[in-house]
Amino acid sequence: MSRFFSLLVLVAFGFVFAGMIGAYEERQVPSALAIRYLTDVPQVLGAPNVVTGILISFRGFDTLGEVAVLFMVAASVGVLLGAKDDTPAAKGISQGEPRPPSELVRNGAEVVLPLIFLFGAYVIMNGHLSAGGGFQGGAVVASGAMLFMLAYPRARINHTILSITESLAGVVYVMIGILGIVLAGGFLDSSILPRGAFGAFVSAGAIPVISALLGVKVGAELSVIIDRFRS
């Protein structure tokens, strides 16, 4: 009976996705809203990357909510996986030594890890100029942290430092948003800093600063989640 129900659900999903694919038509011209964003982001914000300008400035309050959700996920994982089981049965279970990594993983990590962290920093800091941003760069940094855990299973990550770092990044992020209300036109208004020359590394107002804070916060939170699952 359960197999029949599973098959029925798969067939229903198949019909739904088939209808979506059959009715899909690629838009040939940008919509009025897209034209507005494509025009306003370079002119108003001074950011060549329209997506980053929208996420960090125009809908920055939504981005703050997404970061808050990620924080709640990290906190929940820490509560669930960080709790100690003091029952006699749990104490009698032998954890054993972690399996040592292969030579390929260890040697590869020594070569690739610096490149991963460097690329993550590049994605974060250049998010206002090209594809990337705080969320993407933070995920890249967290992937480097995961490789570090695989290559060095005995190593321990200092959760206190990561927690303080991501908390400070979140506080500064909110403070920049409040400064936008006081000094500019609204919450997370990037014009609190000079726009600079279009396309320059130091440009687009406060967008690079906010992107860096997002990268630090996301990278720290994802690294804690990965380490909790490891332990």
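Computed from a predicted structure; not experimentally measured.

### Here's the deal with the layout of surface pockets
Then, in step 1: Each pocket or cavity is described by its volume, and for the second largest pocket that value is around 180 Å³.
Then, in step 2: What lines the second largest pocket is F71, A74, A75, G78, H159, L162, S163, E166, A220, E221, V224 and R228.
Then, in step 3: Sorting the residues of the lining of the second largest pocket by element identifies α4 (60–82), α8 (159–183) and α9 (207–230) as the ones contributing at least two each.

### What about the side chain of H159?
Then, in step 1: Topologically, H159 is positioned in helix α8.
Then, in step 2: Take H159: its relative accessible area is 17%, and that puts it in the buried class.
Then, in step 3: Look past the residues within four positions of H159 in its chain and what remains in contact with it is D227 and R228.

### A look at the packing of aromatic side chains
Then, in step 1: Counted under the stated rule, the structure contains five aromatic pairs.
Then, in step 2: An angle of 20° between the planes, with centres 6.3 Å apart, marks the rings of F13 and F17 as stacked. You can see F13 and its partner F17 sitting in helix α1 (residues 2–22), four residues apart, about one turn around the helix.
Then, in step 3: On the basis of relative accessible area, F17 is assigned to the partly exposed category, the value being 45%.

### What to know about α8
Then, in step 1: Along its 25 residues, α8 runs 36 Å from first to last C-alpha, staying within 8% of the 36 Å computed at 1.5 Å per residue.
Then, in step 2: Along α8, the residues that are buried comprise H159, L162, E166, A169, G170, Y173, I176, G177 and G180.
Then, in step 3: Where α8 begins, the capping side chain belongs to N158, and its oxygen is found 3.0 Å from the backbone nitrogen of T160.

### Some details on the pattern of salt bridges
In a structure, side chains of opposite charge can pair up when their charged atoms sit close to one another.
Then, in step 1: Scanning all chains against the criterion turns up five salt bridges.
Then, in step 2: With a shortest N-O distance of 2.5 Å, R36 and D40 are connected by a salt bridge. Here R36 and its partner D40 are both found in helix α2 (residues 32–45), four residues apart, which amounts to about one turn of the helix.
Then, in step 3: Notably, a salt bridge pairs K217 with E166, separated by 2.6 Å at the nearest N-O pair. On the criterion of sequence distance, the pair formed by K217 in helix α9 and E166 in helix α8 is long-range, its members being 51 residues apart. No difference in accessibility class separates K217 from E166, as the two residues are buried.

### Topic: the packing of helix α6 (residues 103–125) against helix α7 (residues 134–151)
Then, in step 1: Two elements in contact, α6 and α7, have axes separated by 8 Å at closest approach and are oriented at 165°. When the axes of α6 and α7 are compared, the pair comes out roughly antiparallel. The two elements α6 and α7 meet at a crossing, and its hand is left-handed.
Then, in step 2: Along the lines of polarity and charge, the residues of the contact of α6 with α7 split into 16 nonpolar, seven polar and one charged.

### A short note on the confidence of the model for the chain
Then, in step 1: Within the chain, residue pLDDT values average 86, and 92% of them lie at 70 or more.
Then, in step 2: Ignoring residues within four places in sequence, the model shows residues 87–94, a span with pLDDT below 50, making two contacts including any to other chains.

### Describing empty space enclosed by the protein
Then, in step 1: Inspection of every chain in the model, using the stated rule, returns one cavity of 30 Å³ or more.
Then, in step 2: Here the largest cavity defines a volume of roughly 90 Å³.

Criteria and thresholds
- Residues numbered from 1 in each chain as written.
- Predicted model: local features only at pLDDT ≥ 70, side-chain atom pairs only at ≥ 80, totals over all residues.
- Heavy atoms only, no water.
- 1 Å grid on protein atoms, 1.4 Å probe; cavity = no way out; pocket = protein on both sides within 12 Å on 5 of 7 lines; lining within 4 Å.
- Points joined across faces, edges and corners; volume = space filled by probe spheres on them.
- Helix = DSSP H or I, 4+ residues; strand = E, 2+ residues; numbered from the N terminus.
- Buried < 20%, exposed > 50% of the residue type's maximum accessible area, 1.4 Å probe, protein only.
- Contact = heavy atoms within 4.5 Å.
- Phe/Tyr/Trp six-rings, centres within 6.5 Å; stacked < 30°, edge-to-face > 60°.
- Expected span 1.5 Å × (residues − 1).
- Polar contact = N/O pair within 3.5 Å; in protein donor to acceptor, adjacent residues only side chain to side chain.
- Salt bridge = Lys/Arg side-chain N within 4 Å of Asp/Glu carboxyl O.
- Axes fitted to C-alpha atoms, helices over the stretch in contact; angles between N-to-C directions.
- Parallel < 35°, antiparallel > 145°, perpendicular 65-115°, else oblique.
- Left-handed = near helix turned anticlockwise from the far one by under 90°.
- Nonpolar A, V, L, I, M, F, W, Y, C, P; charged D, E, K, R; others polar.
- pLDDT = per-residue confidence, 0-100.

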